[in-house]
Every structure is written in C-alpha cells, then in structure tokens.
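A structural walkthrough
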Amino acid sequence: MKFSRGLALAGLLATLPGLAMAADIDGSTLSVLWGVPFAGILLSIALMPLMAPIFWHHHFGKVAAAWGLVFLVPFAITFGAGVAGASLVHALVAEYIPFVILLTALFTVAGGIFIRGNLHGSPGLNTAILAIGAVLASLMGTTGASMLLIRPLIRANDNRRHTAHVVVFFIFIVSNAGGSLTPLGDPPLFLGFLKGVDFFWTVGHIFPETLFLVGTLLAIFFALDSWYYHRREEVLKADPTPDTPAIGFDGKVNFALLGAVVALVLVSGFWKSPVVFNMAGTEVGLPGIVRDAGLVIVTFLSLWLTPGKVHEDNQFGWGPMQEVAKLFAGIFLTIIPVIAMLKAGANGPFGAIIAAVTRPDGSPDPAMYFWATGILSSFLDNAPTYLVFFNTAGGDAATLMTTLAPTLAAISAGAVFMGANTYIGNAPNMMVKAIAEDRGVKMPSFFGYMLWSGGILVPLFVVMTFLWFR
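Here's what I pulled together on the structure shown here. (Residues numbered from 1 in each chain as written. Predicted model: local features only at pLDDT ≥ 70, side-chain atom pairs only at ≥ 80, totals over all residues. Heavy atoms only, no water.)

1. Describing the packing of aromatic side chains
Inspection of the entire model under this criterion finds 23 aromatic pairs. Judged by centre distance (5.8 Å) and plane angle (65°), the ring pair of Phe172 and Tyr449 falls under edge-to-face. Pair noted here: Phe172 is in helix α6 (residues 164-173) and Tyr449 is in helix α21 (residues 446-468), with a separation of 277 residues, a long-range link. With relative accessibility at 1%, the residue Phe172 sits in the buried group. Among the residues examined, Tyr449 registers a relative accessible area of 0% and is labelled buried. When the ring of Phe446 is compared with that of Phe447, the centres are 5.5 Å apart and the planes differ by 85°; the resulting orientation is edge-to-face. Classification of Phe447 as partly exposed rests on a relative accessible area of 39%. The structure contains a cluster of three or more aromatic residues connected by ring pairs, namely Phe169, Phe172, Phe221, Tyr423, Tyr449 and Trp452. (Phe/Tyr/Trp six-rings, centres within 6.5 Å; stacked < 30°, edge-to-face > 60°. Helix = DSSP H or I, 4+ residues; strand = E, 2+ residues; numbered from the N terminus. Buried < 20%, exposed > 50% of the residue type's maximum accessible area, 1.4 Å probe, protein only.)

Take a look at the structure:
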C-alpha cells in the first residue's frame, strides 16, 4: 500500500516505513490467511464510511486497533511473544514512528503558511496551481506540496458548486505523479537512493513518462473543469472568501523550517555512522535518531513561531493528522505478514505474482514489473513494494541503472504513479481527502474514487505500457 504511504521529503516519508518489515519472519511458511486482518482494515476504510458513517467518524481509531489485535494476538500465540514483540517494535521504531514524525512535521510546517488573498478558481487558475504543485512535489515531496497548496486551492474554489473533481485531480497530480523525478519526491525513490541509485537517475529515465502523465492529466482536468465552470449556476453569487488587494504569505518563518525538514531528511540519507542502537532486534542508526529528533524540534518551533492568526486563517486543525496516524498504525501492523509473504518470492504464498514478472527466458519483463509494482502499491505501502521488486530484479543498483534500466524505470514508475489509484495508495491522498472533507468538500467514497482513477488513470497507464515498458 502505500497509503501509502515529505516535502521533497515526503519521499522520505514512506521510505522509512517499509525498510524491513517482519525481517525475521519466513514468509514462505505463512498462510495467506495471515493477510485477512490487513484486508479487513482496508475493507473497513472502504466500506464503513458508506455503511456506518457516524460510527466510523467517531470510532475509526478503535476499528484500526481492533484489526491490529486480530493480527497480533494470534500471531503471538502461534510464533511466541518474543517474535510478536520484536515485529511490533520493528514496525513502531523502524517504520511507524519515523513515518508519523515526518508527516506531523510537514503537516505542521505547511499548515503554518497562509497564502493571503482570494484567488478565484477558474479553470486556468486551477490548472496552473496543479502544474505548480507537480513541480514542487519533486522538490519538496508529495506530502509537502500537498499540504502547502490544498488549502488555498479549496479556498479559491469555495464559490463553486462542484469541487470534488478539483481535489481528485490534485491527488492524481500533486500527491502522486509529480513526485516521480527525485528521491525527495516520493518514498520508494528515496529507498532506491539509499540502495545506490544515483540521485538524478530517475529524472533522466522516467521524465518522458512523467511529462506525458502529468501533461495529459492537466489537459483532461482543464477540459473537465471548464465544462463544470461554464454550466449554469456553477459559480455562486456570493464568494465566501472576501477579495483582498494583494496576494501574499503569512507565517513566512515556516519556509525556513521547511528547508530544515528537507535538510534533515537529506542528511539522514547521506550520513553514514557506525553508531547503532539495538531495540529488541531492530537496529536504529544515529542519523535516523538525529533526523527524527530534529523533526520534532522543527514541529514545536513551527507551533511556537507561527502567529495564532495564521492557524486561524488557515483553519488549521489536527483532525486530518489524527485520522492518518490512527489508520496507518493499524495498516503498518497488519501489513507485517503480507510484506513477509511477498519477500519470500516465488517460494511464498504470492509466488505467482513474483513469477509473473519474469519472462520464459528468465529475463525481467518491464511491463509486468510496472503493473505488479503499481497494483500492489495501490493497496500496500509503495516503499516496501518497491523494495520487493527491486530485489526481485536482482537488487544490484549498478546493474539496474544500466543493463536493466527499463526494469528499474518500470518499478519506479509503477510505485509512484499508481499510488494515485486509491485513497490508501499514498499517505498524502488520505490527508488531502481529510482536509477537503473538513472544509466541506463532498469527496467520493473509497470505491467512488476508484471509479475516477479507473476511468482516467488506468487507460493512461495502459498507453504508457505500450509506449515505454514493452
């Protein structure tokens, strides 16, 4: 999944989450039934807001915790408290806590920047904001770009009757596709960077694919938004946001703090230290500790230095962050056996998936790698999914960047692009949805969103397969 799953760090985001899930579990010995709790939490996210919206709104955290226990208790009974405890500690220390710390820092810093002035959400302006967001996503990460721009975009369109499609395309472009060009853009690419992939390799090998996808999506959006915009009574007579004489920024100190977040993430990737701490079998390096401590400091500095009026004007609240934190706690826990089974390769319960990406002559099939990585990244964390197929293709960065470059390009594109297929495909997706709903936008349901992605994104992915991944 990915829910999947940092300003330019957002890339970093999920990177942390999936580095070594259930490293001590032999996935080849597991039954697919161990995947039931993970499937259960995904179905709960998909169905309960439709079937029991009031209950879900008040108790989604309890539901996520219940599915976590449905996995953890039988797992402890079957494999022992020691193995279960070590897996839990690993999921928390190596994955979930860094994930939440980074998301919280980005959410807080971006929420402390208020774009002053009333933009009017015309098709041209909306398309321009999405295009700017696509560029920023690879520079400051999908999470950072999403948190910076989603509020002013919603505010710019608060005088229109139909705005859900604006947010849907924002998720497609800014929260996902735009982060495909650098390791800072999306978590799986940062993982590849840590594994030895050159920093600028991705921009040199999937730039045409990114340009095609983002450019086509912008064109489709402009046409669709123009159709909505010119319908009778689409624009309300009274604009809820009053006009202002100029556009500007409040809370400018957060731009410096945003730079600090990016620097902390980058340094943690480049810095190699022999200092390692062992926590119940999980090794935690000094660079990671320094990064996380720094991000916590940045978060508190932002809250301290940002004037209260900026948060008030931004309608800043912790609801979206709490929702993501609680749901992902259950996801990171229940995904442990799923990732272990995938890592078991051809000998595991999901061996058919691994075998499907290999041609009869033993060579990798880029098209199958693109779709296998992408489909799994739509529902699993895209960072560990990237790692699974990176290792399936040989795991040697030097070979993958040269001889097997088409395969690495397919893996990279699948992991990043197809995170937009579902709300849980990438962490910013859920955060954007939560913020939009908090602002009164009636977002599509889980399956309603998939109708959008299935009707718009999937055909584009098919075209891309024939153009680049055959």
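2. Some remarks on the packing of α6 against helix α20 (residues 427-438)
Two quantities define a packed helix pair, namely the angle between the helix axes and the distance between the axes. Two elements in contact, α6 and α20, have axes separated by 10 Å at closest approach and are oriented at 160°. In this view, α6 runs roughly antiparallel relative to α20, as classed from their interaxial angle. The handedness of the crossing between α6 and α20 comes out as right-handed. Side by side, α6 and α20 meet where Val167, Phe170 and Ile171 of the first sit next to Asn429, Val432 and Ala436 of the second. Here the residues of the contact of α6 with α20 are counted per class, giving 5 nonpolar, 1 polar and no charged. (Axes fitted to C-alpha atoms, helices over the stretch in contact; angles between N-to-C directions. Parallel < 35°, antiparallel > 145°, perpendicular 65-115°, else oblique. Left-handed = near helix turned anticlockwise from the far one by under 90°. Contact = heavy atoms within 4.5 Å. Nonpolar A, V, L, I, M, F, W, Y, C, P; charged D, E, K, R; others polar.)

3. Here's the deal with a nonpolar patch on the surface
A cluster of nonpolar side chains, Val296, Phe300, Leu303 and Trp318, forms an exposed patch at the surface whose accessible area comes to about 350 Å². Mapping Trp318 onto the fold places it in the loop between α12 (308-313) and α13 (319-334). (Patch = residues over 30% accessible without salt bridge, like charges linked within 9 Å, V, L, I, M, F, W, Y side chains within 5 Å. Areas by Shrake-Rupley, 256 points an atom, 1.4 Å probe, with all protein chains shown as cover. Salt bridge = Lys/Arg side-chain N within 4 Å of Asp/Glu carboxyl O.)

4. Some details on the pairing of strand β4 (residues 282-285)
Of the two faces of β4, the one lined by Thr282 and Val284 is fully buried and the one lined by Glu283 and Gly285 carries no buried residue. In this structure, strand β3 (residues 276-279) lies alongside β4, joined through 4 bridges in antiparallel fashion. Looking at the pairing, Asn278 lines up with Glu283 of β4. Two successive antiparallel strands, β3 and β4, enclose a turn made up of 2 residues, where Ala280 displays a positive phi of approximately 55°. (Pairing = 2+ DSSP bridges.)

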